[in-house]
Amino acid sequence: MRKIIEYSLVSVDGVFAGAAISGFAEYRDDAYMRDGLGQALACDAMLMGRTTYEDFAAIWPIRTDPWADRINAMPKYVFSSTLEKAEWNNTTIVRGDVVAEVTKLKQQEGRDLLIYGHGLFTETLLRNCRSFLVPGC
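Within any chain, residue numbers begin from 1 and follow the written order of that chain's sequence. With pLDDT at 70 or above as the cut-off, local features in this predicted model cover only qualifying residues; side-chain atom pairs require 80 or more to be listed or tallied, and sums for whole chains, interfaces and linings still use all residues. Note that the side-chain values use all heavy atoms of the structure and ignore hydrogens as well as water.

(A) Focus on the pairing of strand β5 (residues 112-116). Counting buried positions over the 5 residues of β5 gives 4, a clear majority of the element. A pair of strands is treated as paired once DSSP finds two or more bridges between them. Per the convention used, a helix needs a DSSP run of H or I reaching at least four residues, while a strand needs a run of E reaching at least two, with both numbered from the N terminus. Sheet analysis places strand β1 (residues 4-7) next to β5, joined by 4 bridges and oriented parallel. Looking at β5, one finds that Tyr 7 is bridged to Tyr 116. In the sheet, strand β2 (residues 43-49) pairs with β5 via 3 bridges, with the strands oriented parallel. When the bridges of β5 are listed, Met 46 appears paired with Leu 114. The cut-offs for exposure are 20% and 50% of the maximum accessible area for each residue type, with area from a 1.4 Å probe on protein chains only; residues under the lower value are buried, those over the upper are exposed, and the others partly exposed.

(B) Local environment of the pattern of salt bridges. The salt bridge definition used is simple: a Lys or Arg side-chain nitrogen within 4 Å of an Asp or Glu carboxyl oxygen. In this structure the tally under the stated criterion is 7 salt bridges. Of the charged contacts in the structure, one is a salt bridge between Arg 63 and Asp 65, with a shortest N-O distance of 2.9 Å. Across this residue pair, the class does not change: Arg 63 and Asp 65 are buried. Each of Arg 2, Asp 44 and Arg 111 takes part in a single network of salt bridges with overlapping partners.

Here's what the structure looks like:
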């Protein structure tokens, strides 16, 4: 069974969204870029909610580094009941029961599933982690 890997940037005072996090780019170095690419290469697909999708769809497609090449190429699953269309390549909108749909993805063959950020989608998964039958989820 595949694992879900969550990668979140969090400030020292606990902020994980908004302007405080958007300024992190000035602190990226070669090690950060190498590790981020390595993590993306180790996973088969990305999972996200609508807000993360909208933010990322505005940023990742215009980047031109190897990490962005990987993110843009990999399958992306957006869990949303309100997103009308997904124009970022390799994106599938998933409606319905989040836990049931993620469970189906986890049971497929392949490498791990990647979540960038921590929002309502991830909170839903955490509240229902026992449903995934993973010890210590």
